[in-house]
Amino acid sequence: MLRKNELLEIRDLLMNLKQDILTSLEGRIKSNDISDQREIGDIFDDADLEQSREFNLLLTTRERQKLEQIETALQKIEYSEYGFCEDCGENIPVGRLRAMPFATLCVKCKSERESIEEPISVYTEEKG
Ligand SMILES: [Zn+2]
């Protein structure tokens, strides 16, 4: 189990990651000289930032996925569900969470999933 100070630390990490994406997005908007600057300003003032359609249009798929992962992790922290592997239910080690705060699987399950997603042709399993 994660201690409260560890949870708070990871929560901070997640908030920083989220802020990084938002900052880079903001920079991109400014450098692109989007005509409707005022509207963009409104988007950034909006508390429901992620809900806005304009905001989502400006994000790359990858950034959007990352934000979703961050949001999911933050929600889990909120509901005290954070830090458990989604597959086996074991605690995910804090070291792994520090390195990958939005990890939802332990190392073991993650590598198992990856081997399913990316089958290695050399490896053949004999089945009766
Ligand atoms: Zn697991």
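What you see is a predicted model, and the numbers here were worked out from it, not measured in a lab. (Residues numbered from 1 in each chain as written. Predicted model: local features only at pLDDT ≥ 70, side-chain atom pairs only at ≥ 80, totals over all residues. Heavy atoms only, no water.)

### Remarks on the overall build of the protein
Looking only at helices and strands, the protein features six helices and zero strands. Residues classed as buried in the protein amount to 27% of the 128 residues present. For the protein, restricting intrachain contacts to residue pairs at least 6 apart in sequence, the fraction spanning at least 24 positions comes to 53%. (Helix = DSSP H or I, 4+ residues; strand = E, 2+ residues; numbered from the N terminus. Buried < 20%, exposed > 50% of the residue type's maximum accessible area, 1.4 Å probe, protein only. Contact = heavy atoms within 4.5 Å.)

### Points about the pattern of salt bridges
Scanning the entire structure with this criterion turns up seven salt bridges. Among the ionic pairs, R98 bridges to E9, the shortest N-O distance being 2.6 Å. Linking R98 in helix α5 (residues 94-99) with E9 in helix α1 (residues 4-32), this pair joins segments that are 89 residues apart in sequence. Accessibility expressed as a relative area gives 36% for R98, which makes it partly exposed. Overall, the relative accessible area of 33% leaves E9 in the partly exposed class. (Salt bridge = Lys/Arg side-chain N within 4 Å of Asp/Glu carboxyl O.)

### Focus: the nonpolar core
Residues I10, L14, I70, Y82, C85 and L97 are the most contacted members of the largest nonpolar core, which totals 21 residues. Looking at this core, the elements with two or more residues in it are α1 and α4 (61-78). (Core = buried A, V, L, I, M, F, W, Y, C linked by side-chain atoms within 4.5 Å.)

### Concerning the coordination of the zinc ion
For a metal bound by four donors in tetrahedral geometry, the ideal donor-metal-donor angle is 109.5 degrees, whereas six donors in octahedral geometry ideally sit at 90 or 180 degrees. Protein-derived ligands of the zinc ion are C85 (SG), C88 (SG), C106 (SG) and C109 (SG), with the metal-ligand distances lying across 2.3 to 2.4 Å. One can describe the donor arrangement at the zinc ion as tetrahedral, given that its four donor atoms subtend angles of 104 to 115 degrees at the metal. What makes C109 buried here is its relative accessible area of 4%. (Donors = N, O, S within 2.8 Å, 3.2 Å for Na, K, Ca; no water. Tetrahedral: all angles 85-135°; square planar, octahedral: opposite > 155°, others 65-115°.)

### Digging into unusual backbone geometry
Despite not being glycine, S80 shows a phi value in the positive range, around 55 degrees. Inspection of the secondary structure assignment puts S80 in the loop between α4 and α5.

### Quick look at the environment of L7
You can see L7 is positioned in helix α1. Expressed as a C-alpha distance, the spacing of L7 and Y82, which sit 75 residues apart in the sequence, is 8.3 Å. Here L7 is in contact with L2, I77 and Y82, once residues within four sequence places are set aside.

### Considering the confidence of the model for the protein
For the protein, the mean per-residue pLDDT works out to 81, and 72% of the residues sit at or above 70. Mean pLDDT across the elements of the protein ranges from a minimum in helix α2 (residues 37-45), with 53, to a maximum in α5, with 94. (pLDDT = per-residue confidence, 0-100.)

### What about the side chain of K76?
With respect to the element layout, K76 can be found in helix α4. The buried category is assigned to K76, whose relative accessible area is 15%. Beyond its immediate stretch of four places on either side in the chain, K76 contacts E81, Y82, E86 and T104.

### Here's the deal with α4
Owing to its 3.6 residues per turn, the α-helix brings residues three or four apart onto one side. The terminal C-alpha atoms of α4 lie 26 Å apart, and with 18 residues this matches the ideal 26 Å at 1.5 Å per residue to within 8%. For α4, the full list of buried residues reads E63, L67, I70, A73, L74, K76 and I77. Downstream of α4 by a residue or two, S80 has a phi angle that is positive, lying close to 55 degrees. (Expected span 1.5 Å × (residues − 1).)

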